[in-house]
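# Geometric and topological summary
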Amino acid sequence: MITVHEVNGKPVWVDLFDPTPEELRKACADYDLNIPPRAQLEEIEFSSRLQYDDETFTLSVPVTPHRNSGAEDVTTPLGMVLTPDILVTIHFAQLHTFEAITARVKRRPRSAPDIFLVILEALIDYGADRLEELRAEALHISQRIFHKGTHLEQTHNVSRVSRMLRDTLVEVGDMGERLSYIRDTLLVLQRAVPFVNEHGDGWIEPAVRARLKMAGKDVQSLNDYEVHLTDKLQFLLDAALGFISTEQNDLFKVLTIASVVGIPPVLVAGIYGMNFHVMPELAWPLGYPLGLGLIVLSAIVPLLWFKYRGWW
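Residues numbered from 1 in each chain as written. Predicted model: local features only at pLDDT ≥ 70, side-chain atom pairs only at ≥ 80, totals over all residues. Heavy atoms only, no water.

### With respect to the pairing of strand β4 (residues 57-63)
Working note: regular strand, side chains alternate between the two faces of the sheet. For the record, the criterion: For the exposure calls, accessible area comes from a 1.4 Å probe over protein chains only, and a residue counts as buried if that area is under 20% of its type's maximum, exposed if over 50%, partly exposed in between. Counting from the N terminus, the helices are DSSP H or I runs at least four residues long and the strands are E runs at least two residues long. We treat two strands as partners when DSSP finds at least two bridges between them.
Burial of β4 is extensive: 7 of the 7 residues sit out of reach of the surface. Note: strand β3 (residues 50-52) against β4, 3 bridges, orientation antiparallel. Of the residues in β4, the one forming a bridge with Tyr52 is Phe57. Connecting β3 to the antiparallel partner β4 that follows it, the hairpin turn spans 4 residues, and Asp54 within it adopts a positive phi of roughly 55°. Sheet analysis places β4 next to strand β5 (residues 76-82), joined by 7 bridges and oriented antiparallel. Among the inter-strand pairings, Val63 is bridged to a residue of β5, identified as Thr76.

### A closer look at the side chain of Thr56
Put simply, the rule reads: Whether two residues are in contact is decided by their heavy atoms: any pair within 4.5 Å suffices.
Along the chain, Thr56 falls in the loop between β3 and β4. Apart from residues no more than four positions distant in its own chain, Thr56 is found in contact with Gln51, Val81, Leu82 and Thr83.

### A few points about the pairing of strand β6 (residues 87-91)
By the criterion of burial, β6 is predominantly enclosed, with 5 of the 5 residues buried. Here β6 shows no split at all, with Leu87, Thr89 and His91 on one side and Val88 and Ile90 on the other all buried. As paired elements, strand β2 (residues 10-17) and β6 share 5 bridges and run parallel to each other. Opposite Phe17, over in β6, you have His91 as the bridge partner. Both β5 and β6 contribute to a ladder of 5 bridges, which runs antiparallel. Within β6, the position partnered with Met80 by the bridge is Thr89. The hairpin formed by β5 and β6 contains 4 residues between the paired strands.

### Description of the environment of His147
Structurally, His147 is set in the loop between α5 (112-145) and α6 (148-154). Note: C-alpha distance between His147 and Ile115 (32 residues apart in sequence) is 48 Å.

### A short note on the nonpolar core
Generally speaking, a soluble globular protein has its nonpolar side chains buried in company with each other. Selection rule: Working definition of a nonpolar core: buried Ala, Val, Leu, Ile, Met, Phe, Trp, Tyr and Cys residues. They are joined through side-chain atoms within 4.5 Å.
The biggest cluster of nonpolar side chains holds 53 residues, and the ones touching the most others in it are Trp13, Leu87 and Ile119. Contributions of two or more residues to this core are made by β2, β4, β5, α4 (97-105), α5, α7 (158-199) and α8 (206-271). In terms of residues, this core owes the most to one element, α5, which gives 15 residues. Leaving out residues up to four positions away in the same chain, Trp13 has contacts with Thr3, Val4, His5, Leu87, Thr89, Phe98, Ile101, Thr102, Val105, Ile115 and Ile119. Grouped together as the second largest cluster of nonpolar side chains are 13 residues, Leu16, Ile86, Val88 and Phe92 included.

Pasting the structure below:
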């Protein structure tokens, strides 16, 4: 689908949404531009994502459409071809930011570089919003993991706490994946903004260049915050794994104590279960209660020893 935005009867922004090969060839012929196909836009090297030749920028930015809750994020390329007179965008998924971009562009006449900057600012705002969402989720998980009630509940409902920790691992892993998508976008923007500002020095108007510099600072701050959030997620992951390891150690400790405590009673019962003819205790009137008492005592003594040593 091709959408053309005009100013004073001249096209300044041409948006290609999931174009067919015929639509792509038609746009290239109509506007005398080399618009890259999807395969070229998905290349990961920066020499392919950032190109400038004959006053024409060709950029490719990986973006993540905003999905409904429960749906998986999918990275899709956003291609932009910018000249002094026209901007062509090409994308293959419905980007919700384009609705706000279109509304903003229609408010007043804008040049192609100005519209390009509006798109960049929208991508930066979207990245900031996603980072804020992830920060809120990380704070919620942190409160859940380190809540005192969780450790008190652990002694009474181990299975519930174990399920919570397993779910936490899944949530942290999902957050890390979404954060990696944002990182991909910010890393490209971090290089794209100064790239455009440097090579477009001769024909980009000063007001747009000033806003580009500000956008570059915003991207840098978001990159710094993304690093902080990555460290936070790694800390939460290590904490969840640490608590799971502690639970396993406690379980092994209980099993070890139970096995050790059970050895002396089994030994006593084994001794008095032997079928020898000469066993004086068999003739004692109190032999049976004495055997039971020895079995109980042999179990209590190790328990008291473990308690004295502070092992349980």
